[in-house]
Every structure is written in structure tokens, then in C-alpha cells.
Amino acid sequence: MRPLKNYGIACMSMGFLIEETAPVVWRGLMVMSAVEKLLRQVDWGQLDYLVIDMPPGTGDVQLSVSQNIPIAGAVIISTPQDVALLDARKGAEMFRKVRVPVLGLVQNMSVFQCPKCKHETHIFGADGVRNLAKNLGLDILGDIPLHLNIRETCDSGQPVVISQPQSDAAKAYLKIAMEIVRRLPVPPA
């Protein structure tokens, strides 16, 4: 299988392999079989990094991936609301339990700034991820704001880091990427 490429980044998803409206309701062996296909049967070519975006929680996908492939580090992304933080905590603890280094946490949808008056509102709460990171002894890698431009540029296929590289939103993503790379082990020569 060949991954889709956009802006020099190779991408593969289960969503590309099934009908657009079909749910993925797999467990156990079916999940691991799909993960194996995505990892071993995709012609990734030469990669600098392989990023695996997993659903929240500590289910079959997370356990299968963490136990069957070498992982240099995990990044936990959460909104600052209490219910999301429960899953974020469990995810961080699961990765620790299976000896995957947790590189840090990202606070997603951290603040909304009104485009007209510039007033900032913490719709999902303030500093929830920061407090969790402190409790777990982990670093905050950055904050992603809740911003209309992020949604619009992603939906149009022109991510904010490409279409508006000087924007605060783009700078937030780039800062997080640099923090992740800085924390990863240096690959063998």
C-alpha cells in the first residue's frame, strides 16, 4: 500500500481503507491485524519520524501498538476539561506501565479568543492539562488554541502551518513539534 502524501508528509489511516460512513468496530485480533498492515504493509519510504495518532484511552489499539513496536515516546493531548483529563491520566499511566517514555502533554483547545473584541474565554476550563502535568511530573509541550482558522484551514486541506505560517496558531504547532523532536532520542547513525 502507498500512503497519501501532502506537503511532503506521508499519511495512512484506517479511514482511507473503509467506506467513508462505515464505523470501525473492531477489537483484539482485528485491531492488531489492521495496525500490522498500516505499519508493515505500507510503503513508507525513508521516514524521519513515524507518528501514530491513537484514540483516547487505554484500549486494544494503545496496548497492541505499545507492546508490538518500539516506541521512542508518547505525547498525551487533551482538552483541559475534567472528563478528558481522566483519559489523559490513564493514557500517561498506561504508557509508563509498558515502559514507553511520555515526552509531555499538550493542552488542546486551551483558549478561545473572540475575533471581534479579542476577549479570551477558557471554554473547556483553564490549566487542567498544566495541573495534570504537574501531578504526573511531566512537561507541558505547548497549548493549541480553539481558533476558527485552525478548523477552516484543516478542512480546506491547507493546514495553518502552511497557509498562515506567521500566525500565532501556526507558531503554537511548530513550537510543540520542536519540543517533541528535542525530547526524542537521537537516532543511531
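Residues numbered from 1 in each chain as written. Predicted model: local features only at pLDDT ≥ 70, side-chain atom pairs only at ≥ 80, totals over all residues. Heavy atoms only, no water.

**Focus on the pairing of strand β3 (residues 74-78)**
On a regular strand, one side chain projects to one face of the sheet and the next to the other, so that they alternate. Residue alternation in β3 divides its side chains into a buried set, A74, I76 and S78, and an unburied set, V75 and I77. Pairing of β3 with strand β4 (residues 102-113) involves five bridges; the strand directions are parallel. Within the sheet, the bridge partner assigned to V75 lies in β4 and is G104. (Buried < 20%, exposed > 50% of the residue type's maximum accessible area, 1.4 Å probe, protein only. Helix = DSSP H or I, 4+ residues; strand = E, 2+ residues; numbered from the N terminus. Pairing = 2+ DSSP bridges.)

**A look at the pattern of salt bridges**
With the rule as written, the count across this model stands at seven salt bridges. We note a salt bridge from D127 to R130, for which the minimum N-O separation is 3.6 Å. Judged by its relative accessible area of 34%, R130 falls in the partly exposed class. Through salt bridges with shared partners, a single network forms among D139, E179, R182 and R183. (Salt bridge = Lys/Arg side-chain N within 4 Å of Asp/Glu carboxyl O.)

**Notes on the packing of helix α3 (residues 82-97) against helix α4 (residues 128-136)**
Running from amino to carboxyl end, α3 crosses α4 at an angle of 30 degrees, the nearest separation of the two axes being 11 Å. Regarding the angle of α3 to α4, the classification is roughly parallel. Handedness of the crossing formed by α3 with α4: right-handed. Contacts between α3 and α4 involve L85, A88, R89, A92, E93 and R96 from the former and G128, V129, L132, N135 and L136 from the latter. (Axes fitted to C-alpha atoms, helices over the stretch in contact; angles between N-to-C directions. Parallel < 35°, antiparallel > 145°, perpendicular 65-115°, else oblique. Left-handed = near helix turned anticlockwise from the far one by under 90°. Contact = heavy atoms within 4.5 Å.)

Keep in mind these numbers describe shape, not what the thing actually does.
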